[in-house]
Amino acid sequence: MAEHTDGDEIADLLATTPTGGFLGGKWVEDGDRFTVDDPSTGLPLVDVVDNPPERFLEALDIADRTRESLAATTTHQRAEVLRRTYELIVRDSERLATLCTLEMGKPLAESRAEVAYAADFFRWFAGEALRVDGGYRPNPSGTGRILTLQRPVGPCLLITPWNFPIAMGARKIAPALAAGCPSIVKPSELTPLTMLALAALMEEAGAPAGSLSVLPTLDAAATTGPIIADRRLRKLSFTGSTAVGKQLIAQSAEQVLRVSMELGGSAPFVVFDDADLDAAVEGAMAAKMRNGGEACTSANRFLVHESVAEEFTARLTERMAGLSVGRGLDEGVEVGPLIDERAQVRLRDAVADVAAAGAEVNTGGAPLDRPGWFFAPTVVSGIPASHPFGDDELFGPVAPIRTFTDDEQAIAMANDTPYGLIAYAYTRDLERALRVCDRLESGMVGINRGVISNAAAPFGGVKHSGVGREGGFAGIHEYLETTYVGLP
Ligand code: NAD
């Protein structure tokens, strides 16, 4: 298979990518360093500064000092920085996409799509910055008037995961700046490079001094704990696992912090008996294999009507078995590696366990015998009803198929989970689709579509999948407080 990018190009890219901390507008290079690895080889890429707890407190000092001046900038000024950032991301999209693939492993085409998605949040919130409004109306009793104002919440801590190294940060940084809030970003220790490159672009775009810090660290709890406990921090926005999200909600209680939580999911993908099977298989591939299955929105449980289950399983198995797995930078690759060895072992053991319980592994089922953390695209069917396979996020290229007999059972199975991020349903019956939408306990629903993420739409979950919405008209309100002014 042809290599898309040669070694010299990669060395140049890494040599010109910032590896320090971005502290309120200046780069800091001193201190210990940690290694960022390439998941497609398991080998080190580059060393990044391990920013210590004191530096996070310094970032909070800066954010607190900047709070008022940033809130006082005009929305035109902030919209200009956001718009310019959008343009710079587009200008550097190939460089950013390559970095994203290097540190996270996904195929280059998917990294390009992620970079475009990230850029879109800057474009969208450049518009939304201008549209923050208030309200004015008479008190219904006639005894006065009600004025409402929207004001920036204040310094924000933004914690992001490794699976979308740039988009998950963009989805928070852009609305925070649009609202007039200074941000401290803690990217995942597994993928800090793309976020550091974004910080450099925001610096170039003229982000106001003090409005942004990006601080990679190996010790997330020790560095973020003290600033979460500090009353100058006013907002925590987190994207990551439900387990860590719950801990952070508990920690946030001390200062009664505003929180946004974008947590894990266990998306059901329901195929009704009247579904267009061509479209359903296509949608299943997108919903399962986008990001190699390492997405909170990944279809985690295929629920298929018994009358079409055999055909759906055969067609999905054929498509999954035909995927080209390899290094994300190589041409033609459709599936990259998992993020690390832990993820590979977890998936291997989960598939072995369900197979031992009597399930059929239709294709795949094991790590690939090569360096890097690769796992064969896998389909599992005939899962015993009581087996918990797919109850929690599989977070990899593994598709479990279960069957149902009627709509009631399908809805009950889809909702039988503590999670509620996204659900997918395939049917040609509009009324059935609407009925099902009404009853799915999910923040988002895809009808006859396998991918629905969009900067202009509200993204978020219910139940253990989180609190709050990112993107759309709702996204900026996560960073605004309402003040009510009583008037005579
Ligand atoms: P994770 O919870 O392990 O880590 C997420 C971030 O939190 C990382 O930056 C990590 O360093 C940090 N962190 C870990 N422990 C912490 C602590 N005690 N205090 C403060 N910060 C801490 O998640 P991950 O493995 O990086 O990401 C995968 C998870 O993210 C999956 O569960 C996935 O579903 C979820 N996710 C959700 C969405 C969404 O929008 N709902 C989007 C992408 C990923």
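Residues numbered from 1 in each chain as written. Predicted model: local features only at pLDDT ≥ 70, side-chain atom pairs only at ≥ 80, totals over all residues. Heavy atoms only, no water.

With respect to the site of the ligand
Inspection of the region around the ligand gives 29 residues, with Thr-160, Arg-171, Glu-189, Ser-241 and Glu-393 positioned closest. Measuring from an oxygen atom of the ligand, one finds a side-chain N or O atom of Glu-393 at 2.4 Å. Coverage of the ligand by the protein amounts to 88% of the 850 Å² it exposes when considered alone. In this structure the site holding the ligand corresponds to the largest pocket. Those elements that provide at least two residues to the shell around the ligand are helix H6 (167-179), helix H8 (220-228), strand S10 (235-239) and helix H9 (242-252). Here the shell around the ligand is built from residues that sort into 15 nonpolar, nine polar and five charged. Residue assignment places the shell around the ligand across two domains, with domain 1 (8-263 + 465-487) and domain 2 (267-454) each supplying three or more. (Near = heavy atom within 4 Å. Polar contact = N/O pair within 3.5 Å; in protein donor to acceptor, adjacent residues only side chain to side chain. Areas by Shrake-Rupley, 256 points an atom, 1.4 Å probe, with all protein chains shown as cover. 1 Å grid on protein atoms, 1.4 Å probe; cavity = no way out; pocket = protein on both sides within 12 Å on 5 of 7 lines; lining within 4 Å. Sits in = over half its atoms within 2 Å of the grid points. Helix = DSSP H or I, 4+ residues; strand = E, 2+ residues; numbered from the N terminus. Nonpolar A, V, L, I, M, F, W, Y, C, P; charged D, E, K, R; others polar. Domains from an automatic or database assignment.)

Concerning the sheet that holds strand S16 (residues 398-404)
Reading across from one edge, S14-S15-S16-S13-S12-S17-S18 is the order of the seven strands in this open sheet, with mixed pairing throughout. Single-partner strands in this sheet number two, and they are strand S14 (360-363) and strand S18 (444-447). Shown here is a sheet whose adjacent strand axes are inclined to one another by a mean of 25 degrees, direction ignored. Here strand S13 (residues 299-305) runs beside S16; their pairing, made up of four bridges, is parallel. The residue of S16 that forms the bridge with His-305 is Phe-404. (Pairing = 2+ DSSP bridges. Axes fitted to C-alpha atoms, helices over the stretch in contact; angles between N-to-C directions.)

Regarding unusual backbone geometry
Not every positive phi belongs to a glycine, and Asn-291 is a case in point at roughly 60 degrees. For Asn-291, the position within the fold is in the loop between helix H10 (277-289) and S13. Look at Asn-291 and you get buried, because its relative accessible area is 2%. In this structure, Phe-395 takes a positive phi of about 55 degrees despite not being glycine. Looking at the element boundaries, Phe-395 is found in the loop between strand S15 (378-381) and S16. A residue is classified by how much of its surface remains accessible, and Phe-395, at 15% relative accessible area, is buried. (Buried < 20%, exposed > 50% of the residue type's maximum accessible area, 1.4 Å probe, protein only.)

Focus: the domain arrangement of the protein
The domains assigned to the protein are domain 1 (8-263 + 465-487) and domain 2 (267-454). In this structure, domain 1 and domain 2 have C-alpha centres spaced 31 Å apart. Contacts between the two partners involve 25 residues from domain 1 and, on the opposite side, 29 residues from domain 2. The contact between domain 1 and domain 2 buries some 2,200 Å² in all, and 60% of this surface belongs to carbon and sulfur atoms. Applying the counting criterion to the domain 1 and domain 2 interface returns zero salt bridges. Our enumeration of links across domain 1 and domain 2 arrives at eight residue pairs in polar contact (both at pLDDT 80 or more). With five residues, helix H4 (residues 93-104) is the single largest residue contributor to the side of domain 1 that touches domain 2. (Contact = heavy atoms within 4.5 Å. Buried area = accessible area lost by both parts, 1.4 Å probe. Salt bridge = Lys/Arg side-chain N within 4 Å of Asp/Glu carboxyl O.)

Thoughts on the layout of surface pockets
Approximately 1,100 Å³ is the volume attributed to the largest pocket. In terms of lining, the largest pocket is formed by 41 residues, of which the most central are Pro-161, Trp-162, Gly-240, Ser-241 and Val-244. Residue contributions to the lining of the largest pocket peak at seven residues, all from H9. Looking at the lining of the largest pocket, its residues break down into 19 nonpolar, 11 polar and 11 charged. Here the lining of the largest pocket spans two domains, and each of domain 1 (8-263 + 465-487) and domain 2 (267-454) adds at least three residues to it. Approximately 410 Å³ is the volume found for the second largest pocket. (Points joined across faces, edges and corners; volume = space filled by probe spheres on them.)

A few points about the pattern of salt bridges
Taken as a whole and assessed by the stated rule, the structure comprises 30 salt bridges. Glu-189 is the salt-bridge partner of Lys-186, the closest N and O atoms lying 3.6 Å from each other. Classification of Lys-186 as buried rests on a relative accessible area of 3%. Glu-189 sits in the partly exposed class, given a relative accessible area of 29%. Salt-bridge contacts for Asp-230 lead to Arg-232; the nearest nitrogen and oxygen are separated by 2.9 Å. Using a relative accessible area of 26% as the deciding quantity, one classes Arg-232 as partly exposed. Bridged by salt links that share partners, the residues Asp-273, Asp-274, Asp-407, Arg-432 and Arg-435 form one connected network.

A closer look at the sheet that holds strand S5 (residues 135-138)
Pairing in this open sheet of three strands is antiparallel, and the strands run S5-S6-S20 from one edge to the other. Edge positions in the sheet fall to S5 and strand S20 (480-487), since each of these pairs with one other strand and no more. Each adjacent strand pair in this sheet contributes to an overall mean axis angle of 20 degrees, direction not counted. Both S5 and strand S6 (residues 145-152) contribute to a ladder of four bridges, which runs antiparallel. Bridge assignment links Gly-135 to a residue of S6, and that residue is Thr-148.

Re empty space enclosed by the protein
Within the structure shown, the criterion is met by six cavities of 30 Å³ or more. Every residue lining the largest cavity is counted, 16 residues in all, and those nearest its centre are Pro-268, Ala-414, Tyr-419, Gly-420 and Glu-441. Residue assignment for the lining of the largest cavity shows that the elements contributing at least two residues are strand S12 (267-271), helix H13 (407-415) and strand S17 (422-426). Counted by class, the lining of the largest cavity contains eight nonpolar, five polar and three charged residues.

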